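The lines below spell out each chain.
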Amino acid sequence: GSVFARDRAAMRQAATALSVLGIVLGVASLIILVSVVDGIRFEIKDAFSKAQGVRVGPLTAGDPALVQLDEEWIAKIEKVQGVKAAVGNIIQIAHSIDGEAQGLNGTRLLGIDVGRVAKATSTGFEGELLEGRDFESGDRGVALIGKKIKKDYGKFLGSKIKVNGQSFRVVGVFTTGSDLLDNSVLVQIDDARDATGFPKGKVSYINATITDPREDKKIADRINLIYGEQVRARSLSDFSAQFGAIF
């Protein structure tokens, strides 16, 4: 009864931060991994079919782990008619996890702006909190880890995980239903900057939630009409369609 109710409440709470996960990973970084294995390809295609919102990045947008965007764009995008909230996120390839070197297709470190995510509600793939808790205001030095990370590195609630040599205490374990997406570590955005040297005032890209999710393509077009010479907006439904066409 009460335990189940608490679990459900925790899962709903987790959705705010975890829903950012799939979008942050980006199409380009996923395509590297899905081009050879049919099972993974269909797994990712299914995940993309659930995506909603608009992603805004640099004109030369590729793998979001390799680009930067001025943080001042968050306020500009949020003022566009039809945009409910805009959230800047950081994604970087972890150089090492617990001292183990990571390749280009290895673990992603995701920096989440906890305060702004709370405004955004659902912005992409839903995650389920399996253990522990979501981020709380003021959190520093803590991490939510994917189910695959827990298994591969033998982690549990309260244990430490070192990302690029910086230690974080595990406060939650999540799953998206995809081993590929579960190979991620989520931390507070300033912690991500500290662990990777990502510059202040910059984000990897901006995710915009839409007042009416059915109008994501319309809002992407509106952003491109206003700011198209400086940034590029793409609806997540377009990403899904593009992925389906390529694979």
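Here the structure is a predicted model, which means the values were calculated and not measured.

Visitor: Just give me the short version of the overall build of the chain, but keep the residues and values in it.
Guide: Across its full length, the chain carries 10 helices and 14 strands. For the chain, buried positions account for 51% of its 247 residues. A separation threshold of at least 6 residues defines the contact pool for the chain, and within that pool the share at least 24 residues apart is 77%. Surface summary for the chain: the accessible area is close to 11000 Å², and the carbon and sulfur share equals 50%.

Visitor: I'd love a proper account of the pairing of strand 9 (residues 160–163), names of residues and values included.
Guide: Two faces make up the sheet, and in a regular strand the side chains alternate between them. Going residue by residue along strand 9, you find I161 and V163 tucked away on one face and K160 and K162 left uncovered on the opposite face. Of the pairings in the sheet, the one linking strand 9 to strand 10 (residues 166–175) comprises four bridges and is antiparallel in character. Looking at strand 10, one finds that V163 is bridged to Q166. Joining the antiparallel neighbours strand 9 and strand 10 is a turn of two residues, in which N164 adopts a positive phi near 55 degrees.

Visitor: Tell me about the packing of aromatic side chains, residues and numbers included.
Guide: Within this structure, the stated rule accounts for one aromatic pair. Aromatic pair W73 and Y227: ring centres 5.0 Å apart, planes at 85 degrees, arrangement edge-to-face. In this pair, W73 sits in helix 5 (residues 73–78) while Y227 sits in helix 9 (residues 216–227), placing the two residues 154 residues apart along the sequence. For the pair W73 and Y227, one class covers both residues: buried. Taking NZ or CZ as reference, K76 lies 4.3 Å from the ring centre of W73, over its face.

Visitor: Quick rundown of the nonpolar core? Include the residues and the values.
Guide: In this structure, V54, V56, I77, I161, V185, I206 and I223 are the most contacted members of the largest nonpolar core, which totals 38 residues. Looking at which element gives the most residues to this core, the answer is helix 9, with four residues. Sequence-distant contacts of I206, that is, excluding residues within four places in its chain, are made with V54, R55, V56, L69, W73, I74, A86, V87 and G88. By size, the runner-up hydrophobic cluster in this structure holds 13 residues, among which are L129, F135, L144 and L186.

Visitor: How would you summarise helix 9 if you had to cite specific residues and measurements?
Guide: For helix 9, which comprises 12 residues, the first-to-last C-alpha distance of 16 Å matches the rise-based estimate of 16 Å (1.5 Å per residue) to within 8%. Three or more residues of helix 9 are buried, namely D216, I219, A220, I223 and Y227. The buried side chains of helix 9 occupy one side of the element, clustering within an arc of 105 degrees when seen end-on. Those residues of helix 9 that are exposed and aimed more than 90 degrees away from the buried face are D221 and L225.

Visitor: Please set out the pairing of strand 6 (residues 108–112) residue by residue, giving values where relevant.
Guide: For strand 6, the tally of buried residues reaches five of five residues, placing the bulk of the element in the interior. Here strand 6 shows a buried face lined by R108, L110 and I112 and a second buried face lined by L109 and G111. Pairing of strand 3 (residues 83–93) with strand 6 involves four bridges; the strand directions are antiparallel. Paired with I93 across the two strands is R108, which belongs to strand 6. Two strands pair when backbone bridges link them, and strand 6 and strand 11 (residues 184–188) are joined in this way by five bridges, in the parallel orientation. Bridge pairing in strand 11 links G111 to V187.

Visitor: Give me the lowdown on the side chain of S96, citing residues and values where you can.
Guide: Position of S96 relative to the elements: it lies in strand 4 (residues 96–97). Assessed through its relative accessible area of 16%, S96 is described here as buried. Among all residues touching S96, those that are not within four sequence positions of it are A101, Q102, K162, V163, N164 and G165.

Quick notes on the rules
Residues numbered from 1 in each chain as written. Predicted model: local features only at pLDDT ≥ 70, side-chain atom pairs only at ≥ 80, totals over all residues. Heavy atoms only, no water. Helix = DSSP H or I, 4+ residues; strand = E, 2+ residues; numbered from the N terminus. Buried < 20%, exposed > 50% of the residue type's maximum accessible area, 1.4 Å probe, protein only. Contact = heavy atoms within 4.5 Å. Areas by Shrake-Rupley, 256 points an atom, 1.4 Å probe, with all protein chains shown as cover. Pairing = 2+ DSSP bridges. Phe/Tyr/Trp six-rings, centres within 6.5 Å; stacked < 30°, edge-to-face > 60°. Lys NZ or Arg CZ within 6 Å of the ring centre and 35° of its normal. Core = buried A, V, L, I, M, F, W, Y, C linked by side-chain atoms within 4.5 Å. Expected span 1.5 Å × (residues − 1). Arc of directions from axis to C-beta.

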